[in-house]
Structures are given as C-alpha cells and as structure tokens.
Amino acid sequence: MNLRLTAERVFQIFKELNHIPRPSHHEERVADYLCQFAERLGLSYQRDEHNCVVIRKPATVGHEHAEPIVLLNHMDMVCVGMDNPLTDTVEAYTENGWMKARGTSLGADNGIGLSMALAVLESADIVHGPLEVITTTNEEDGMSGAANLSADFIRGRKVINLDSEDYDTITTGAAGACLQFHSIPVRPVAPPHTGLCWCRLRFSGGLGGHSGVDINKGRCSAVVATHSLLRMLREDMHFNVSTVDIGEANASIASHGEIVLAVDTTTGEADVWSLMEDKVAAVNQWLRTNYPGDPNVRFSVERCDALDSLIPSEAMDSLMTCLSQIPQGVVRMSGVMKDTVETSNNIGRIQLEADRIFISTHTRSFIDDDMAKLSERIADVFRQNGATSEMVMSAPAWQEDQHSDFLQLTSDTFFDVLGWRPRMVAMHFVLEAGFFVEKYPGIQMASIGPRIVEPHSASERVELQTIDDIWQVLIELLLRLS
C-alpha cells in the first residue's frame, strides 16, 4: 500500500480556495489561482476560453508507461447566504467532527475534491502514473464549461471524479438535467395614491438543499408555499403584487422568499389586515401539517412603505397559471433502482427584473427522452401563457458498467484501505460525466467523495473523518492504477 499521508495539506488548500469568491459564471480568480499553482510547481497547464483548467503532472519515476489518470472537479460553488457572492468569502469552522460555514454555504461541493487533487499535484510522496487534473467552470448553473471542452483537452480515459457527496458509495450513474430560463414580460404600472394597504410577506426557515439529491426528502419549496398563499389570499382579497423575490440558486430548493403586496382597503383597512393575518396563520398551519420534515418553515407579514410600481395583474395571472400547471418535486420514482427518483422538476428562482418576471426550472431524469418531453411540456406551458423560454443547459444521463475492472478496483481499494465495500449507485443529481462520455470515447468514470450534507444551502457541512478516509483511498487507488 502507498505511504499513509495526512490530509493536512488538503485542509490548507481548501482554506485558500474559500478566500477566493467563486460563484458560477465568475470563476476567473480561482482559474488564476490554479494556473499560478501549476506555475509554482513547474507543471504544464492549459486554460480554455471558458476558464476550464487542466494541469498535467508527469508520472512518478518508474511508472511512466502507466495509463494516464484524470482527476475531475469543478471550481464554482453555489453561494447561499452571501450578500455579495462576487466579494464575500467563506468563513469555515469545525464543530463536533464537522466543518461548517458561518451563515453561508461552505463550498465543500466541490472545493474539498479540488483541494485533494491539488494536494496530489503538490506531493512528492504519492506514487502515480501520468496525471491530468481538470477543473471545469459553471458546473452548478449550466455545466457550460464541460459542454464546451475541446476534444483534445484531456488524453486520459480513466477518470476519478471527486465530486461525490455520499461517502459510502461509488457513484456510477447520474440523472440527466435540463435547465431552462423563462421570462414573463412585465410593463410595471403606477399604483393609486390611496385605498391601499402595503404589506411584505416573507417565507423563511426552509431547509432548502440540493434540488436533485434532496428533492424527495419532504422539504418545502418557497415557490410552492408562496403560490399556495397567493391562491388562498385571492379567494377573499383584491391585491396587486409589487415585487417578488423567491429562491437563492437555480440548482437549489428555494428556502426563502419575499413578496410585497398592495391590498385594496375598500372594505376597511382593519378588516383587511385582520383577514391577512388569519390567512397567513392558516397557511402556516398547513405548512406544519404537510411538511413535518421541514419544521421551521413559516410566513410572516408586516406593514411596509408604499412602492412606486405594481406588476400588472395579467403578468401575475400568467405566473400563477404556470405554477399551477408545472410539476414541482418528484414526478416519478424509478421502477428499477430502489428508492431512487427517476424524474423530477424544481423551480429554483422567481425574480422580478426591470421588464420581466424571471423563472428558472431544473428538470432531471435518468431517461433522456422523458427529460426532453417534460422540459418541452414546461416550455409549452410558459409559451401558452405569453412567456418565452430559453434552454440554458441540457446534460445527458450517464451510467457506468458496475462490473468493469476499473470500478471493481475502486471498490477493492475501499475495502483494503477502510475495511468495507462502498455501494455502487446511480444518483439523482447531475454530474458532468454525461458530457465527458459523449466527448471522449471509451472514457470510464468512478465518482467518490467525503460525506457532504445539505449542499447548496447555508447548512452545508462535511464530515472531517471522511475527508481523511477518501484521501487515503485516493492515494492508494492512484498507486494501484500506476
């Protein structure tokens, strides 16, 4: 077996990464960091126009004729809880065997895996064949980095993807995904000066989470909750919506939301306010009953200052109709893979912008045809209600042969290093593997990683012991592959 090396340097590199803002679409600074990292080590590297970076390290002496191995990660993170993701950094801390972040997402997805790959590049003690460490961009919000890689960007055909979040598994397959952006045109109108009561409704306390792996865990989306509240208010009140801001990221279950209403007070402001409070209390009771696994979700209501514009009722009617007709959450469970979601859809964000209401939908499925049909159905709903739709990303599903020599070797390494065999499973999240399989014929991939809980949320955390364990598996696997 390889020399046992501590994961201390992995943690140090991760700390360096968390001082570099790296939201999707804005990875220039972390790409600079990677190139400088390679230059410091005297390693060759390549950076493409999408800021994807591959760093190549020659084999350990005596292992030059081994097959090249690719270590795959992405450099962006989902930034939840940050006032300004372009400038805010992550403050990590450890508690009871876990690493967490103060008030924001941690970036362990995929910062820990990237830190492991860079630590391998830096180490003179790890035995390996020729290495290619590739780090892609925009994995969390469209996978445009992987989708646009050139056919000669990597040479290796065995890939260790360090972007898995289930410590006790080798991920051998992933759902395909289609990310769409929809726009309902808006021409704001001025509100009347009298006869209105202005109130702000806030949804808070949701666990949120990853819209793939957490989609079947009974979590309440702020989109679903807000839609339900507005429908209930419409039964007995006349109002217009002034602002809407729901959700944090396209790939997350919305955990927060805020809308401002201008309510007609013809019947008397006191009566309107009392009715509003009763409706909010009723919806909160409905949330407690229907989402016991998300116990802290609630709406609050408060009076607020008047705003200078309203969303026309026609635009809000279109939005409400679309939300009523589009599936949200689990669409179908797999009949082949036990306890696995086959097809789902999540609305990640709804925001009022200057001249439109923006809505993002993230559709996932292990069956590419089903994903395509559901995505087209969603786009049709929007088109029929006066909106436009844009397909931002369509990533194919991916499935490895679980009996391949490569995956069996990976499983054997887990057993020999940690004393147990990991499960081999396909997961209802999206990995870049589908693009790699399409682009690089003959490629094989094993996805491993430490235990990361609540990714894409401010509760994201990673178990420290599992980082060290996966680190030991990785360096031993590299030795065996050499």
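Our structure is the block above this text.
To start, this report covers the structure provided alongside it. (Residues numbered from 1 in each chain as written. Predicted model: local features only at pLDDT ≥ 70, side-chain atom pairs only at ≥ 80, totals over all residues. Heavy atoms only, no water.)

Spatial strand order, 4-5-22-21: four strands in an open sheet with antiparallel pairing. The outermost strands of the open sheet, each flanked by one partner alone, are strand 4 (92–95) and strand 21 (452–453). As judged from the two bridges shared by strand 5 (residues 98–101) and strand 22 (residues 461–463), these two strands associate in the antiparallel manner. In the sheet register, Trp-98 faces strand 22, and the bridge partner there is Glu-463. (Pairing = 2+ DSSP bridges. Helix = DSSP H or I, 4+ residues; strand = E, 2+ residues; numbered from the N terminus.)

We now examine the pairing of strand 19 (residues 423–427). With respect to burial, strand 19 is a largely interior element, four of its five residues being buried. Here five bridges tie strand 8 (residues 169–174) to strand 19, and the two strands are oriented parallel to one another. Directly across from Ile-170, in strand 19, lies its bridge partner Met-424. (Buried < 20%, exposed > 50% of the residue type's maximum accessible area, 1.4 Å probe, protein only.)

Helix 11 (residues 464–481) packs onto helix 9 (residues 405–418) with a crossing angle of 130° between their chain directions and a minimal axis gap of 9 Å. Comparing their axes, helix 11 and helix 9 come out oblique. When you trace helix 9 past helix 11, the crossing you get is right-handed. Along its contact with helix 9, which presents Phe-406, Leu-409, Thr-410, Asp-412, Thr-413, Phe-414, Asp-416, Val-417 and Leu-418, the element helix 11 presents Asp-469, Ile-470, Gln-472, Val-473, Glu-476, Leu-477, Arg-480 and Leu-481. Taken together, the residues of the contact of helix 9 with helix 11 break down into nine nonpolar, three polar and five charged. (Axes fitted to C-alpha atoms, helices over the stretch in contact; angles between N-to-C directions. Parallel < 35°, antiparallel > 145°, perpendicular 65-115°, else oblique. Left-handed = near helix turned anticlockwise from the far one by under 90°. Contact = heavy atoms within 4.5 Å. Nonpolar A, V, L, I, M, F, W, Y, C, P; charged D, E, K, R; others polar.)

So, about the pattern of salt bridges. All chains considered together, the criterion is met by 29 salt bridges. Its salt-bridge partner being Arg-102, residue Glu-91 comes within 3.1 Å of it at the nearest N-O pair. Placement of the pair is Glu-91 in the loop between strand 3 (69–74) and strand 4 and Arg-102 in the loop between strand 5 and helix 3 (108–122), with a sequence separation of eleven residues. Measuring nitrogen to oxygen at the nearest pair gives 2.6 Å for the salt bridge that ties Arg-219 to Glu-454. You can see Arg-219 sitting in the loop between strand 10 (196–204) and helix 5 (222–234) and its partner Glu-454 sitting in the loop between strand 21 and strand 22, a full 235 residues away along the chain. The exposure classification of Arg-219 matches that of Glu-454, with both residues buried. A cluster of three or more residues bridged by salt bridges with shared partners is formed by Arg-9, Glu-16, Arg-40 and Glu-122. (Salt bridge = Lys/Arg side-chain N within 4 Å of Asp/Glu carboxyl O.)

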